Number of protein chains: 2
Amino acid sequence: MVTEARKGVEDLLYLAMDRRVRLAVTGLNQSGKTVFITSLIHQLLMGARLGGLPFFQVVAEGRFQGAKTVLQPSMHIPTFRYDQFLESLTATPPQWPKATDGISEIRLAIRFRPKGLLQSRLKATNTIFLDIIDYPGEWLLDLPLLGQSFQEWSKEVVTLCRTEPRHTLAQPWLAYLGALNPRHSADEGVLRHASRLFTDFLLACKREPIGLNYLQPGRFLIPGDLKDAPLLTFCPMLSPDPSLEPGSLAQVMADRFESYKELVVRRFYHQHFSHFDRQIVLVDLLKGLNRGPNHFADMSRSLKSILKNFDYGRSSILSRLLRPKIDRLLFVATKSDHVAANQHNNLERLLKRIVTDPVNEASFYGVAVETMAIASIVSTETVVKEHEGRRLSFVRGRPKGRNEEVLLFPGEIPEKIPKPEEWHKERFNFLEFEPVIARNDSDDRLPHSRLDLVLDFLLGDKVT
Amino acid sequence: MVTEARKGVEDLLYLAMDRRVRLAVTGLNQSGKTVFITSLIHQLLMGARLGGLPFFQVVAEGRFQGAKTVLQPSMHIPTFRYDQFLESLTATPPQWPKATDGISEIRLAIRFRPKGLLQSRLKATNTIFLDIIDYPGEWLLDLPLLGQSFQEWSKEVVTLCRTEPRHTLAQPWLAYLGALNPRHSADEGVLRHASRLFTDFLLACKREPIGLNYLQPGRFLIPGDLKDAPLLTFCPMLSPDPSLEPGSLAQVMADRFESYKELVVRRFYHQHFSHFDRQIVLVDLLKGLNRGPNHFADMSRSLKSILKNFDYGRSSILSRLLRPKIDRLLFVATKSDHVAANQHNNLERLLKRIVTDPVNEASFYGVAVETMAIASIVSTETVVKEHEGRRLSFVRGRPKGRNEEVLLFPGEIPEKIPKPEEWHKERFNFLEFEPVIARNDSDDRLPHSRLDLVLDFLLGDKVT
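### Here we look at the relation of the copies chain B and chain A
If you rotate chain B by 180 degrees and push it 0.0 Å along the axis, it lands on chain A with an RMSD of 0.0 Å. On this basis, the relationship between the two copies can be described by a two-fold rotation axis. Across chain B, the rotation axis passes nearest the C-alpha of D225(B), at a separation of 3.1 Å. Of the residues that chain B buries at the interface, 100% are likewise interface residues in chain A, meaning the two copies contact each other through the same surface.

### Observations regarding the pairing of strand β8 (residues 380–387) of chain A
Residue and element names in this part refer to chain A. Across eight bridges, β8 lies against strand β9 (residues 390–397) in antiparallel orientation. Paired with E381 across the two strands is R396, which belongs to β9. In this structure, the hairpin formed by β8 and β9 is closed by a connection of two residues, where E388 is found at a positive phi of approximately 50 degrees.

### Here's the deal with the sheet that holds strand β4 (residues 126–134) of chain B
Sheet strands pair via backbone hydrogen bonds, and the direction of the pair is either parallel or antiparallel. All names here are of chain B. Spatial ordering of the open sheet is given by β2-β3-β4-β1-β5-β6-β7, a layout of seven strands whose pairing is mixed. In the strand order of this sheet, the two ends are held by β2 (64–70) and β7 (368–373), each with one partner. Going from strand to strand, the sheet's axes swing by 20 degrees on average, the running direction of each strand aside. Of the strands in this sheet, β1 (20–27), β3 (104–112), β4, β5 (278–283), β6 (328–333) and β7 are in contact with helix α16 (residues 451–459), which crosses β6 at around 165 degrees.

### A closer look at the sheet that holds strand β4 (residues 126–134) of chain A
Residue and element names in this part refer to chain A. Spatial strand order, β2-β3-β4-β1-β5-β6-β7: seven strands in an open sheet with mixed pairing. Strand pairing shows two members of the sheet lacking a second neighbour, β2 (64–70) and β7 (368–373), which therefore form its edges. Strand-to-strand twist of the sheet, defined as the mean angle between neighbouring strand axes without regard to direction, takes the value 20 degrees. Of the strand pairs in this sheet, strand β1 (residues 20–27) and β4 are connected by six bridges, and their pairing is parallel. Bridge assignment links R20 to a residue of β4, and that residue is F129. Its contacts with the sheet place helix α15 (residues 344–355) against β5 (278–283), β6 (328–333) and β7, and it is angled at close to 145 degrees to β7. Of the strands in this sheet, β1, β3 (104–112), β4, β5, β6 and β7 are in contact with helix α16 (residues 451–459), which crosses β6 at around 165 degrees.

### A few points about the interface of chain B and chain A
Opposite the 34 residues of chain B that make contact, chain A presents 34 residues. In total, about 3,000 Å² of surface goes out of reach between chain B and chain A, with carbon and sulfur atoms giving 57% of it. When the area that chain B buries against chain A is broken down by residue, the three leading residues are L71(B), M75(B) and R192(B), summing to 21%. Counting across the chain B and chain A interface gives four salt bridges. A salt bridge links D83(B) to R192(A); the shortest N-O distance between them is 2.8 Å.

### Digging into the domain arrangement of chain A
Taken as a whole, chain A is organised into domain 1 (2–135 + 272–377 + 442–462), domain 2 (143–268) and domain 3 (381–422). For domain 2 of chain A versus domain 3 of chain A, the distance between C-alpha centres works out to 41 Å.

### Describing the pattern of salt bridges
If you walk through the whole model with that rule in mind, you get 62 salt bridges over all chains. The residue D131(B) makes a salt bridge to R107(B) at a minimum N-O spacing of 2.7 Å. One end of the pair, D131(B), is in strand β4; the other, R107(B), is in strand β3, with 24 residues separating them in the sequence. With a relative accessible area of 0%, D131(B) lands in the buried category. Residue classification places R107(B) among the buried residues on the basis of a relative accessible area of 5%. Salt bridges linked by common partners bring R81(A), D83(A), R192(B), K227(B) and D228(B) together as one network.

### Structural notes on the packing of helix α2 (residues 33–46) of chain B against helix α4 (residues 82–89) of chain B
When two helices pack together, their arrangement is captured by the angle between the axes and the distance separating the axes. Residue and element names in this part refer to chain B. Interaxial distance between α2 and α4 falls to 10 Å at its minimum, and their mutual angle equals 95 degrees. The orientation of α2 relative to α4 falls into the category roughly perpendicular. Judged by residue contacts, T34, T38, I41, H42 and L45 of α2 engage Y82, F85, L86 and L89 from α4. Its residues placed into classes, the contact of α2 with α4 shows six nonpolar, three polar and no charged.

### Digging into a negative patch on the surface
There is a patch of like negative charges on the surface, built from D101(A), D225(A), D101(B) and D225(B). You can see D101(A) is positioned in the loop between α4 (82–89) and β3. Residue D101(A) is classed as exposed on the basis of its relative accessible area, which comes to 55%.

Calculation criteria
Residues numbered from 1 in each chain as written. Chains lettered and ligands numbered in written order. Predicted model: local features only at pLDDT ≥ 70, side-chain atom pairs only at ≥ 80, totals over all residues. Heavy atoms only, no water. Least-squares fit on C-alpha atoms with pLDDT ≥ 70 in both. Contact = heavy atoms within 4.5 Å. Pairing = 2+ DSSP bridges. Helix = DSSP H or I, 4+ residues; strand = E, 2+ residues; numbered from the N terminus. Axes fitted to C-alpha atoms, helices over the stretch in contact; angles between N-to-C directions. Buried area = accessible area lost by both parts, 1.4 Å probe. Salt bridge = Lys/Arg side-chain N within 4 Å of Asp/Glu carboxyl O. Domains from an automatic or database assignment. Buried < 20%, exposed > 50% of the residue type's maximum accessible area, 1.4 Å probe, protein only. Parallel < 35°, antiparallel > 145°, perpendicular 65-115°, else oblique. Nonpolar A, V, L, I, M, F, W, Y, C, P; charged D, E, K, R; others polar. Patch = residues over 30% accessible without salt bridge, like charges linked within 9 Å, V, L, I, M, F, W, Y side chains within 5 Å. Areas by Shrake-Rupley, 256 points an atom, 1.4 Å probe, with all protein chains shown as cover. Lys, Arg positive; Asp, Glu negative; His and termini not counted. Charge placed at Lys NZ, Arg CZ, Asp CG, Glu CD.

As structure tokens, this is what we get:
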């Protein structure tokens, strides 16, 4: 107990000295979150060696003195298993690590020489503690529920189900729901069956090759220890009456929705989200393009819904109900190495188009929002070749599930969100790649693209 | 929110009217907890029909009017899936349901006519709400940790490891631990490896055919969402120094042990245990006998350790630190149908010998402690036959994993705990049985033994 208290005090001291940064990382469906965090840690641990972080200013200026993993402060949060994930990425043959499905964290101590003359005289070395917190994108997409009533949410879900691919997938659930009377007395068996069909619908929406992201409530997809709890046993239900009898089916559904908001969403906000300093949201934009206009719209809707949480200037949910302390927000398009190097800027621009509504831009008081296109680990090589008289940028790599490398032309990334008529069949078909097998003569630093820019945006001001 | 508040008030009303009973059910390793709860609910739902509960007074007196499952009060506690478990038990062929591995609950409403003339005039029917809470025995066995320091606990574990079967199983862990310096600076990799070996040791102790019960900390065996958290990443460590440096290996282990007590054990106490009204502890005594003296001693140690929590008269842990409101405590030897009917009383007497220390008996102020031998579901038949001139009681049933019934002589249950010299090889070899396949002409009530006595002890005073 004494030790706990002392540690609490130490932590507060670091906080007061601006020497502790809580960096939250999340992402939409299969955006490569685990690989991103693993490579980010790896790059920090490798530090200045082999020139791996040229655009991280503290490294470029020769002030970076090293980083190491240290014991994390939160006793009850699972540790991000960097050791396991790195092992998997550097095995022979290397494999993408298995995705994580809950919250986890890891702490790094970063040592650097301060920039100013005065500071560097006072102390030769400073240390900051970087806590990286990995959590499911589903939890972030749940925050907007706090601003919705059960009826508002139900209407939104039912409206979304009017278009494909939701329309077809929702039929078994909607058919069952349609036969229920919202005024009837609630029965656990009926609640469970309706909830099961709704959960099956959400899971089908999430599963490959559908892969939608805008799916709520998130814990229906990742229940953990809450499996079979009443607050995960309901579904949207439109009701003709504004006021419902207590104990009626629709009222019990509404009660459980409110409990979910209170005991899951608000608890996540208070225990975790409200303590984050910086937030990264990862997205695999290439997969979004591959899947066509409906899927791309779903991805955009998800990103916009996340962004709304930070929209202090307007009457956003978080600014009305809650207030995060996050002051830097970074949207990252991952897997940029799946297209040729000359397409990376387009990828970044496309992401910016999605998350930046020019009208709103001025309203993000106090939150710096940025977009980048990166590769956590580069698993391809760009090869420029003449083809029928034109110079084309090809990509060489080992496509997913294959043993040999191929050279292919992945095509181009549009700078703008394509208009409906521009989504002709198979316009986009970007492949996934296996990680590169390290050559014997290569160094032991995992190759990345632009992680140094990511670090500079997120940590630059903390290491001066 | 309004609804939540209203429900809270209703619940308080029931409580004030003594009309809500929270019945906690737990058990040692594979004692048949899921089947017990399923059959208990089933018997209540079947009520007085077919004469199934002759010794449950409210039924015997014709005052029982019926029971049904209703919506449970706790939104975040998983529901006990009675529906699934009953389906499994009544399938063709029937199967024992899969064991549960966390907490779950279910609520029943029981309607009865009050006993007294006055009361029955005032109201024809009363209702009580019975909340049955199913939780792992490991959690109950964790409570004594609250009264131990890290050094005390470490000493206890190391002492236990001097005898078999722990001695052999603990070697890999103890060997690694022996090479560590408790004063050295703690390293997450070392903590993780030591904890992994210790967890492997606990799992090997729990696994069949070893099947020990006295294994702490319980969440090491069932981590759930806490997997990989620091408070599950430590192990016992003896230290020569009474005071340890902060950050040293032994000190970090001790810190994590304290966090485990605080965030896992005390939280279980406050959120759950302190709200229980009655507690049942199930134990498969037959398996304990099968496994020989060391295992039997481990089972006894576990039961005594549980009992100590209720030992208000002495300086027990719970009476010093905490205070449960449980006023009836029932120890139940399950699976009595695996021996012939004439052995059931011996089974009960043997259990009483284990949990009753005559010196202590008077000290259980306010807690009625009882022991019973029961069969949640009877899956055998006792057949009395002449054998070499003697009348012997055989058992007919379908042994686990076999398709046809056999007739066998399971042997006798000792009335007292056998002395060391009495445990000759294979003295006890009680078999497990598959559930009985219901005959077409049979009724649809699952056969049980003495569940009516269990109900009368636990609920009798609440249905008068």
